[in-house]
There are 2 protein chains.
Amino acid sequence: MAHDLDTGLTSTDPPAGTLARKIANDLRRNILLGVLEPGSAVKERDNAEEMGVSRTPMREAIRILAQEGLIILRPSRSPIIANPSLQETSDDLEVIIALEVLSGELACRNASDADLAALVAINKRLVAAYDQADPLVLFEIDMDFHRAIALAAHNPALARTHAAYLGRLWRTRFLNGRRRRNRQRVILQHGAILDGLLARHPEATGTAIRVHLENLMPKTREFYSLRDDMAAVKQPAALARPVTDRS
Amino acid sequence: MAHDLDTGLTSTDPPAGTLARKIANDLRRNILLGVLEPGSAVKERDNAEEMGVSRTPMREAIRILAQEGLIILRPSRSPIIANPSLQETSDDLEVIIALEVLSGELACRNASDADLAALVAINKRLVAAYDQADPLVLFEIDMDFHRAIALAAHNPALARTHAAYLGRLWRTRFLNGRRRRNRQRVILQHGAILDGLLARHPEATGTAIRVHLENLMPKTREFYSLRDDMAAVKQPAALARPVTDRS
DNA sequence: TTTCGGGATTTGGTATACCAAAACTGTTTG
DNA sequence: CAAACAGTTTTGGTATACCAAATCCCGAAA
């Protein structure tokens, strides 16, 4: 199960086990890992032939990824790998904060002992991997933690929506590069969230989640400005392009 | 534009103007109005032939509606019109409350004068239609109001997600029957929301929205128990089925 | 009468073929 | 030399054909 990367399990939508599903998972992995360049076209004909499948399931796979926000569909033009701007990313962040705070509050009311045990176990994994594992592993544990919170709320719709946002944000964070600083802080903040949940204290839990996620906002900004700086090769600001690089 | 009923405009996902889109809009209208019985099967072959189109766009339309939550896809079985249980509906309600409170708070910061003017105009329409219009018109104005709040937040992702939940909840409310009581209260509560927005006071706005939407919770419960009672023809409670009527 | 089995049928999943619109290219023309 | 143009190509949208799994139905056996 290591390195699964299947972040988009929307239970309702496309029947599992179908070819379209497999293609979608495959494409998603390549998108998340950056194998497929953001902004590049996804031509259903070429990709289908390349993978040895027909256009129909490939087409459906593209739609699945589109609804997850990883691919942008354009009228009468090739779909392209999404390349979210800073604005879009912080928009997503705002939404996921609200969703996850709600999850935390609901989890205080609805979580089963098994749910909480799972949270504790994930946290243990994170601490254990503190200073040895590679960043990708840490990232996945981090994702698991947040996913588990949404699951513990026992609201399937919420979990589904949350998972979609988590996937998009995770991809952005991953592609922007992962830093090994601040691990200590992440562990502390996860601990605070866990404390709130174990005490079944909605306000404390919500606050802890909010604090934790709001940390990502300046970090994301930092990543983007870093990227822009690299693109501008430290040229004077007068030459800088506007922040949004998408039409 | 009267009676449009196209609640599912997800800008990203499926290119507008395509046949699949038109079919989806058509199907959605029939589902929302109850022409298509909840729980009934949607056979892509039959429906396609009936509408004089091929299976491919019909298939895609079904997927669109599935992702909106109006149709449930099952492995190797015909998709069926969603028939949300009370539990699922209140789950959706919990989520939309969080989304719309966030929208209101963001709107206090981001709304343009035009956005606020639009809100005021919609509210005026509602007051004007107070005691004359048929319930469907009122319903649409109500939807427009909430949609406009999400739009005023200037967060496209939020607006998209909010619209999806609004569509599902609206359908449930509509199918459960619309009452003409409490119009006065709705108008007052919309007014309170509007006041908060015009004052750009996030807390007041958020609270007003929360109060307004939390009203729906007991009302929804009432509708469902009424429905169950009708199904049981007022028989002794011992014969009542469990609340969830879906597998 | 009930139950079990097998074949016909229904249905979604997949592959392929066709079409029209948009994009591209190389040329022509002012 | 630049801009416009026409033919070709590329590409997504749609229709149709084929396949396999699940279902359904009916008859035979206990």
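Further up the page is the structure itself.
Quick look at the structure, then. (Residues numbered from 1 in each chain as written. Chains lettered and ligands numbered in written order. Predicted model: local features only at pLDDT ≥ 70, side-chain atom pairs only at ≥ 80, totals over all residues. Heavy atoms only, no water.)

### As for the protein's contact with DNA strand C
In the vicinity of DNA strand C lie 22 residues, with A:Leu19, A:Arg77, B:Arg55, B:Arg59 and B:Ser78 positioned nearest. Among atoms of DNA strand C positioned within 4 Å of the protein, sugar and phosphate together represent 52%. A:Arg77 is positioned such that a nitrogen or oxygen atom in its side chain is 2.7 Å from a phosphate oxygen of DNA strand C. One nitrogen or oxygen atom from the side chain of B:Arg55 is found 2.7 Å from a base oxygen belonging to DNA strand C. The class makeup of the residues in the surface near DNA strand C is seven nonpolar, five polar and 10 charged. (Near = heavy atom within 4 Å. Polar contact = N/O pair within 3.5 Å; in protein donor to acceptor, adjacent residues only side chain to side chain. Nonpolar A, V, L, I, M, F, W, Y, C, P; charged D, E, K, R; others polar.)

### Here's the deal with the protein's contact with DNA strand D
Not every one of the 22 residues close to DNA strand D is listed here, only the nearest: A:Lys43, A:Arg45, A:Arg59, A:Ser78 and B:Leu19. Protein-adjacent atoms of DNA strand D, using a 4 Å cutoff, are sugar or phosphate at a proportion of 52%. A:Arg59 is positioned with one of its side-chain polar atoms (N or O) 2.7 Å from a phosphate oxygen of DNA strand D. Between DNA strand D and A:Ser78 there is a distance of 2.7 Å, counted from a phosphate oxygen to a side-chain nitrogen or oxygen. At the level of elements, helix H2 (44–51), helix H3 (55–67) and strand S2 (77–81) of chain A together with helix H1 (19–32) and helix H3 (55–68) of chain B are the ones that each hand at least two residues to the surface near DNA strand D. Classifying every residue of the surface near DNA strand D by side-chain character gives seven nonpolar, five polar and 10 charged. (Helix = DSSP H or I, 4+ residues; strand = E, 2+ residues; numbered from the N terminus.)

### Regarding the interface of chain A and chain B
On the chain B side, the residues contacting the 31 residues of chain A number 31 residues. Taking both sides of the interface into account, the surface hidden between chain A and chain B amounts to around 2,500 Å²; carbon and sulfur atoms contribute 49%. Our count for the chain A to chain B interface comes out at six salt bridges. Here A:Arg59 ties to B:Glu60 by a salt bridge, and the two come within 3.3 Å at their closest N and O atoms. Joining chain A to chain B, the criterion identifies 14 residue pairs in polar contact (both at pLDDT 80 or more). Mapped by element, the contributors of at least two residues to the side of chain A that touches chain B are H3, strand S1 (71–74), helix H4 (86–110) and helix H7 (156–175) of chain A. Take the side of chain A that touches chain B: its biggest share by element is nine residues, from H4(A). In terms of residue class, the side of chain A that touches chain B is made up of 15 nonpolar, five polar and 11 charged. (Contact = heavy atoms within 4.5 Å. Buried area = accessible area lost by both parts, 1.4 Å probe. Salt bridge = Lys/Arg side-chain N within 4 Å of Asp/Glu carboxyl O.)

### Thoughts on helix H6 (residues 135–152) of chain B
Residues and elements named next belong to chain B. Spanning 18 residues, H6 covers 26 Å between terminal C-alpha atoms, matching the ideal 26 Å at 1.5 Å per step. Along H6, 15 of the 18 residues are buried, which leaves the element largely enclosed by surrounding structure. The positive-phi residue at the C-terminal boundary of H6 is His 154, with phi of around 55°. (Expected span 1.5 Å × (residues − 1). Buried < 20%, exposed > 50% of the residue type's maximum accessible area, 1.4 Å probe, protein only.)

### With respect to the packing of helix H4 (residues 86–110) of chain B against helix H9 (residues 202–214) of chain B
Residue and element names in this part refer to chain B. The geometry of H4 relative to H9 is characterised by a closest axis approach of 8 Å and an angle of 155° between their N-to-C directions. The pairing of H4 with H9 is recorded here as roughly antiparallel in orientation. Once H4 is placed against H9, the crossing between them reads as right-handed. Only Pro 202, Thr 205, Gly 206, Ile 209, Arg 210, Leu 213 and Glu 214 of H9 make contact with H4, whose side of the interface consists of Leu 93, Ile 96, Ile 97, Glu 100, Val 101, Gly 104, Glu 105 and Cys 108. (Axes fitted to C-alpha atoms, helices over the stretch in contact; angles between N-to-C directions. Parallel < 35°, antiparallel > 145°, perpendicular 65-115°, else oblique. Left-handed = near helix turned anticlockwise from the far one by under 90°.)

### Observations concerning the side chain of A:His190
Residues and elements named next belong to chain A. With respect to the helices and strands, the residue His 190 is situated in helix H8 (residues 183–198). On the basis of relative accessibility, which here comes to 0%, the residue His 190 falls in the buried class. In this structure His 190 touches Asn 123, Leu 126, Asp 142, Phe 145, His 146 and His 212, once residues within four positions along its chain are discounted.

### Details of helix H7 (residues 156–175) of chain B
When the terminal C-alpha atoms of H7(B) are compared, their 29 Å separation across 20 residues agrees well with the 28 Å that a helix rising 1.5 Å per residue should span. Of all 20 residues in H7(B), 17 are buried; the element is thus mostly enclosed.

### Looking at the relation of the copies chain A and chain B
Superposition of chain A onto chain B requires a rotation of 180° combined with a translation of 0.0 Å along the rotation axis, giving an RMSD of 0.0 Å. Such a turn and shift between the copies fits a two-fold axis. Judged by C-alpha distance, A:Ala98 is the residue of chain A that lies nearest the rotation axis, at 3.2 Å. A symmetric contact is evident, with 100% of the interface residues of chain A recurring at the interface of chain B. (Least-squares fit on C-alpha atoms with pLDDT ≥ 70 in both.)

### Details of the pattern of salt bridges
Per the counting criterion, the structure on display carries 21 salt bridges over all chains. The residue A:Arg28 makes a salt bridge to A:Glu68 at a minimum N-O spacing of 2.6 Å. Of this pair, A:Arg28 sits in helix H1 (residues 19–32) while A:Glu68 is found in the loop between H3 and S1, placing the two residues 40 residues apart along the sequence. Of the residues examined, A:Glu68 reaches a relative accessible area of 6% and is grouped as buried. Note that B:Asp92 and B:Arg168 form a salt bridge whose closest N and O atoms lie 4.0 Å from each other. One end of the pair, B:Asp92, is in helix H4; the other, B:Arg168, is in helix H7, with 76 residues separating them in the sequence. With a relative accessible area of 13%, B:Arg168 lands in the buried category.

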